[in-house]
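Given next are the chains, with one letter for each unit.
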Amino acid sequence: MSQPEDNLLKKVIAHCKEYGYVFPSSEIYDGLSATYDYGQYGVELKNHLKHYWWESMVRMNENIVGIDAAIFMHPTTWKASGHVDAFNDPLIDNKDSKKRYRADQLIEEYVAKIENKINKEETKAAKRFGDAFDAEQFRATNPRVLKYQEQIDTINQRLKEAIEQGDLEGLKALIEELGIADPVSGSRNWTDVRQFNLMFATELGSLAGDSNKIFLRPETAQGIFVNFLNVQKTGRMRIPFGIAQIGKAFRNEIIARQFIFRMREFEQMEMQFFVKPGEELDWYQAWKEKRMKWHRALGLGGENYRFHDHLNLAHYANAACDIEYKFPMGFKELEGIHSRTDFDLKAHEQYSGKKLQFFDPAEDKSYVPYVIETSIGLDRLFLAMLCHAYTEETLDDGSQRVVLKIPAPLAPVKAAILPLVNKDGLPEKAQEVFDQLKYHFLCQIDFKDAIGRRYRRQDAIGTPFGITIDHQTMEDDTVTLRDRDSMKQERVPVHSLVETLREKCALQSLLQQL
Ligand code: GAP
């Protein structure tokens, strides 16, 4: 990713549209803000990412099973979960620019700027001291860094208190004291901070009114909690065990920008892992490590990930962190890992009047399990993958190509079958090869244009292998197999194509790294 970073995001957005990965939703009507449609290649990549997650959870762990719960749930679910009362964002408007912001994010961005200053000091000092530089010692002793750190700690502490106490005036006071200006207009003319509930509501059946009000789920997690006993009993599950789910979630985000990073309709892949009370923090640590390993196996660069431990814990958590990825717009949350205590199951017990407990034969007693949750946004994962995969290259002959270097097991189309010329029986042979491969892989067959142009088209959609049918094929039944990334070609007998591609495209290569 040697691109200037915001340029890269723009290029990825344009590429996604041009090559059938992501389109603005209902585009013929000028689109709908923060909603997107996945095109013919996008849906394939998304399905492969889901598959990788699902297999790593459900197939690789004998104590994790999956479900698919409904999007609509009984409205009391959201009362019990705390979403009706507490799933709010503090909203603030700038009176001059008329732009709307999340008050807490304005403050967090201010803190990030101070963190940047610390990083700059460190980089400067590292240059000055060379090999003798000790970053840890520098941060612990440099007076300027210590002053910045003190500012950060004070602001974070005040932010935490204001959020926890729902102190909207405190948030506004902090914004004013720090002199935070509207990032667009530079104006400091702010409205008061107000709470804004992020759930979309609709009505069930034909009667309008509060008694019929239901919500589009803002997270998939609650579908798992309300099915805890169903799954535990029918699956004869014993603690510790997990329930995984992939599905749509909906949030009326105040600010929804940055393409598919923050949408109002998106997809989550969540797993709730039920454990014995008291063991949750060990499991939390274990899942943190497991999830980071999962990300790294994707090959998007180990240096592009980091943990961010939460200062402001959500109402249900006793420990929480994000796995952040270095998107073109900086390090941002990709996945959340939360130790949710017994908050959700206890709340559902209370509101439903049903016991949601596990009888532990070893302890000879029942208890409400504690929960570790891993929750990843599928669309964000998709964006991370594309930003990393998008590559512009100048070739030896001076020509340019854009190539999506998506790992072969996840690439939408696995192979393109390309007859060198459109005569001498080559197209028929290409069709024969396609008909052989189609039972195993999604392939394309392309007869149009010069071979170089056809390669460029396949590079742009990220097809890892090109199979060229030439005159030699007609003599010895071999084809050339071109590797997308190295552009190297090897000769392969037609009869061994399935096996060769299967080996190169196996999801196993990722799963084995876990
Ligand atoms: N059940 C816990 C939960 O929902 P979260 O941190 O609010 O936690 C989990 O969301 C993940 O869902 C995030 O890490 C992010 O990847 C994704 N996500 C959340 N809001 C999103 C949005 N508006 N658009 C796209 N992805 C989103």
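Whatever comes next refers back to the structure up there.
For the structure given in this document, a descriptive report is provided here.

**Considerations on helix H11 (residues 280-297)**
Between its first and last C-alpha atoms H11 spans 26 Å; for 18 residues at 1.5 Å apiece the expected length is 26 Å, and the two agree. Just downstream of H11 lies glycine 299, where phi reads positive at about 80°.

**Some words on the sheet that holds strand E10 (residues 265-275)**
In any sheet, the strands associate via hydrogen bonds between backbone groups, in a parallel or an antiparallel arrangement. Strand order in the open sheet formed by 7 strands is E3-E9-E10-E16-E13-E12-E11, and the pairing between neighbours is mixed. Of all strands in the sheet, those bounded by a partner on one side alone are strand E3 (64-67) and strand E11 (305-309). Going from strand to strand, the sheet's axes swing by 25° on average, the running direction of each strand aside. In this structure, E11 lies alongside strand E12 (residues 319-327), joined through 5 bridges in antiparallel fashion. For phenylalanine 307, the partnering residue across the bridge sits in E12 and is isoleucine 323. Here H11 sits on the sheet in contact with E3, E10, E11, E12, strand E13 (330-341) and strand E16 (370-377), set at roughly 150° to E13.

**Some points on the pattern of salt bridges**
Taken as a whole and assessed by the stated rule, the structure comprises 40 salt bridges. Note that arginine 194 is salt-bridged to aspartate 93, the shortest N-O span being 2.4 Å. Note that arginine 194 is positioned in strand E6 (residues 194-197) and aspartate 93 in strand E4 (residues 88-93), a separation of 101 residues in sequence. Arginine 194 sits in the partly exposed class, given a relative accessible area of 40%. Between arginine 340 and aspartate 344 there is a salt bridge whose closest N-O contact spans 2.9 Å. By the burial criterion, arginine 340 is buried, and aspartate 344 matches it. What you see here is one network of salt bridges that share partners, running through Glu393, Arg401, Lys405, Arg456, Asp459 and Arg482.

Calculation notes
- Residues numbered from 1 in each chain as written.
- Predicted model: local features only at pLDDT ≥ 70, side-chain atom pairs only at ≥ 80, totals over all residues.
- Heavy atoms only, no water.
- Helix = DSSP H or I, 4+ residues; strand = E, 2+ residues; numbered from the N terminus.
- Expected span 1.5 Å × (residues − 1).
- Pairing = 2+ DSSP bridges.
- Axes fitted to C-alpha atoms, helices over the stretch in contact; angles between N-to-C directions.
- Contact = heavy atoms within 4.5 Å.
- Salt bridge = Lys/Arg side-chain N within 4 Å of Asp/Glu carboxyl O.
- Buried < 20%, exposed > 50% of the residue type's maximum accessible area, 1.4 Å probe, protein only.

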